[in-house]
Protein chains: 2
Amino acid sequence: MPNIRLDIEYDGTNFVGWQYQKNGRSVQEEIEKAIRQIFQIELRVHGGGRTDAGVHARGQVANIFLDENIKIDLLAKQLTAVMPHDVIVKKAAIVSGEFHARHSAKARRYRYRISQTSTAIERRFCWQVFSKLNVDSMRECANALLGDHDFQSFCKAIAEVDHYRCSVHSAGWIETNQILEFEITANRFLHGMVRALVGTMVNIGRGHTLLQDFKLILDSKDRAKAGMSAPAQGLFLEEIVY
Amino acid sequence: MPNIRLDIEYDGTNFVGWQYQKNGRSVQEEIEKAIRQIFQIELRVHGGGRTDAGVHARGQVANIFLDENIKIDLLAKQLTAVMPHDVIVKKAAIVSGEFHARHSAKARRYRYRISQTSTAIERRFCWQVFSKLNVDSMRECANALLGDHDFQSFCKAIAEVDHYRCSVHSAGWIETNQILEFEITANRFLHGMVRALVGTMVNIGRGHTLLQDFKLILDSKDRAKAGMSAPAQGLFLEEIVY
């Protein structure tokens with residue numbers, strides 16, 4: 001049976017997250033439902049990056065094993081056509097049998113958007129921060145993240161992981177007009193990591209936390225030392241690299 | 001009584017348009033409601049540019065005459081605080097008594113966004129066009145709009161206007177990644193004009209209408225000769241120039 005890679009985009013606003021949950025709509029479930037509706041097949045769709053409630057994705061990837069009868073060129077359109085408008089399958093392609101959306105991933109790239117002015121149009125896709133931010137300090141924090149570190153200070157308390165080490169390939173803040181974006185690529189991310197990093201860096205940008213404390217927070221391996229999590233609606237899973 | 005200019009942004013998705021209507025929420029009404037709630041005053045808020053149902057605005061302007069007791073520095077925040085999240089007052093400032101949001105306007109700038117790929121995240125803020133478009137032809141159309149023309153071919157049939165002449169200061173298509181944007185500035189716009197222009201240019205971009213017919217359509221002064229209106233959700237009132 002061919003292994004099929006699906007490239008997925010969603011507006012996370014009205015989802016409980018990627019993963020199936022009893023108490024609401026998950027993206028995973030919508031895709032499984034679409035497959036059931038078209039092919040009368042029950043299967044589990046494995047995603048490459050879990051996203052929490054309210055988090056968006058431009059580059060989520062999943063893989064499924066489906067019968068050879070499918071027309072691969074039509075599959076993305078077929079699935080999108082029967083799903084609600086806040087999730088689409090951008091591409092479907094046959095890949096090698098070993099490909100696994102999650103385990104084959106070499107890196108993931110996330111983006112976090114902050115609007116420095118009040119906005120009605122962008123409100124679902126950014127965190128609105130009105131305090132004056134010292135972006136230079138925030139850039140120094142981003143630089144401090146590069147390379148291998150233990151990120152336990154930026155991980156949700158209950159995490160089912162063996163270790164907290166992540167290798168950050170790139171991290172930086174980009175400012176365009178009134179939008180400030182943090183982009184980070186790493187081999188892996190811990191639960192809540194990007195939002196905890198952004199919340200802490202914004203505290204530093206606001207002057208509520210001292211810049212020199214950022215490294216101490218990182219070294220402390222204590223989530224309580226870091227800042228609040230930045231809200232979900234600013235976060236985008238941009239890309240999974242294989 | 002001081003004359004106050006309000007700069008307003010809204011996500012038009014869930015509005016019947018700027019102007020009051022019996023059958024749904026209008027932006028005008030939300031602002032009047034907010035004023036009533038805060039100041040217990042009934043008044044009419046005049047907008048500088050009417051937008052239809054589903055059309056967005058980043059730069060709508062209105063003016064109101066309000067008592068001197070108001071604290072002008074707080075007004076924008078006060079109004080925004082009591083309104084639903086899809087409309088905000090970005091700025092409030094006292095202006096000369098002669099200023100009228102509509103009659104004092106010298107020009108207006110609109111933008112129309114097209115996504116050339118399927119998108120879940122941008123779906124409320126663009127028209128999704130998947131046919132291959134000849135952008136060079138569309139740029140030639142935009143050039144043909146510059147200067148003074150009679151735009152009756154691009155005006156909704158029932159328009160309460162004396163004449164159809166508009167003076168186009170600038171018009172052009174900008175392509176960034178998969179987003180194609182049409183921006184146009186003119187002294188005035190007729191009802192449905194930008195959407196009719198975009199619909200017609202997209203027909204040309206698709207090859208359904210010949211490029212050389214664009215000038216004939218413009219000269220015909222016949223709405224039936226032009227293309228379908230592009231959908232509302234791609235249109236933004238960007239700025240009103242005074």
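The rules behind these values
- Residues numbered from 1 in each chain as written.
- Chains lettered and ligands numbered in written order.
- Predicted model: local features only at pLDDT ≥ 70, side-chain atom pairs only at ≥ 80, totals over all residues.
- Heavy atoms only, no water.
- Helix = DSSP H or I, 4+ residues; strand = E, 2+ residues; numbered from the N terminus.
- Rg over C-alpha atoms; globule rule 2.2 N^0.38 Å.
- Buried < 20%, exposed > 50% of the residue type's maximum accessible area, 1.4 Å probe, protein only.
- Contact = heavy atoms within 4.5 Å.
- Lys, Arg positive; Asp, Glu negative; His and termini not counted.
- Charge placed at Lys NZ, Arg CZ, Asp CG, Glu CD.
- Least-squares fit on C-alpha atoms with pLDDT ≥ 70 in both.
- Core = buried A, V, L, I, M, F, W, Y, C linked by side-chain atoms within 4.5 Å.
- Phe/Tyr/Trp six-rings, centres within 6.5 Å; stacked < 30°, edge-to-face > 60°.
- Arc of directions from axis to C-beta.
- Expected span 1.5 Å × (residues − 1).
- Polar contact = N/O pair within 3.5 Å; in protein donor to acceptor, adjacent residues only side chain to side chain.

Caption draft 1: Looking closely at the overall build of chain A. Counting its secondary structure elements, chain A contains five helices and 10 strands. Against the globule reference of 18 Å for 242 residues, chain A gives a C-alpha radius of gyration of 19 Å, in line with a compact fold. Its C-alpha atoms put chain A at 60 × 40 × 30 Å along the principal axes. Expressed as a percentage of the 242 residues in chain A, the buried residues total 52%. When contacts within chain A are restricted to residue pairs at least 6 apart in sequence, long-range pairs at least 24 apart make up 71% of them. Charge centroids of chain A, computed over 31 positive and 28 negative side chains, lie 2 Å from each other.

Caption draft 2: How the structure looks around the relation of the copies chain A and chain B. Superposing chain A onto chain B takes a rotation of 180° combined with a translation of 0.0 Å along the rotation axis, leaving an RMSD of 0.0 Å. Such values leave the two copies arranged in the relation of a two-fold axis. Among all residues of chain A, the minimum C-alpha distance to the rotation axis is found for Glu122 of chain A, at 5.2 Å. The share of interface residues of chain A whose copies in chain B are also at the interface is 100%, consistent with both copies meeting through the same surface.

Caption draft 3: Main features of the nonpolar core. Residues and elements named next belong to chain B. Counting residues in each nonpolar core, the largest one holds 73 residues, and the members touching the most others are Leu6, Phe151, Phe154, Phe182, Ile184 and Val198. The greatest single-element share of this core, amounting to eight residues, is contributed by helix H4 (residues 193-206). Apart from residues no more than four positions distant in its own chain, Phe151 is found in contact with Leu145, Tyr164, Cys166, Val168, Leu190, Met193, Leu197 and Leu218.

Caption draft 4: Expanded view of the packing of aromatic side chains. Residue and element names in this part refer to chain A. For the structure on display, the rule yields 18 aromatic pairs over all chains. Here Tyr112 and Trp127 contribute two aromatic rings whose centre-to-centre distance is 6.4 Å and whose plane-to-plane angle is 90°, an arrangement assigned as edge-to-face. Placement of the pair is Tyr112 in strand E5 (residues 107-115) and Trp127 in strand E6 (residues 127-128), with a sequence separation of 15 residues. A single burial state applies to Tyr112 and to Trp127, both of which are buried. Considering the side-chain rings of Phe125 and Phe236, the 6.2 Å spacing of their centres and the 35° angle between planes classify their relative orientation as tilted. With a gap of 111 residues between them, Phe125 in the loop between E5 and E6 and Phe236 in strand E10 (residues 235-241) connect regions that are remote in the sequence. Like Phe236, Phe125 is buried. Ring-pair connections join several aromatic residues into one group, and the members of that group are Tyr10, Phe15 and Trp18.

Caption draft 5: Focus on helix H2 (residues 72-82) of chain A. All names here are of chain A. Within the span of H2, buried status applies to Leu75, Ala76, Leu79 and Thr80. On an axial view of H2, the arc spanned by its buried residues comes to 115°, and they lie on one face. Opposite its buried face, H2 presents the exposed residues Asp73, Lys77 and Ala81, each directed more than 90 degrees away. Tucked into the core, H2 has its buried residues touching strand E1 (3-10), helix H1 (27-39) and strand E4 (87-95).

Caption draft 6: How the structure looks around H1 of chain A. All names here are of chain A. Helix length check: H1, at 13 residues, gives a terminal C-alpha distance of 18 Å against a target of 18 Å (1.5 Å per residue), a fit within 8%. Buried residues of H1: Val27, Gln28, Glu30, Ile31, Glu32, Ala34 and Ile35, and no others. Between the side-chain oxygen of the N-cap and the backbone nitrogen of Glu29 there are 3.2 Å, and the N-cap of H1 in question is Ser26. Looking one or two residues past H1, Gln40 carries a phi angle of roughly 55°, positive in sign.

Caption draft 7: How the structure looks around the environment of Gly47 of chain B. Residue and element names in this part refer to chain B. Tracing the sequence through the fold places Gly47 in strand E2 (residues 46-47). The spatial distance from the C-alpha of Gly47 to the C-alpha of Asp7 is 9.8 Å, given a sequence separation of 40 residues. Non-local contacts of Gly47, meaning those with residues more than four positions away in its chain, are made with Trp18, Gln60, Val61, Ala62, Ala101 and Arg102.

Caption draft 8: View of the environment of His103 of chain B. Along the chain, the position of His103 of chain B falls in the loop between strand E4 (87-95) and strand E5 (107-115). Remark: the alpha-carbon pair of His103 of chain B and Leu197 of chain B, spanning 94 residues in sequence, is separated by 24 Å.

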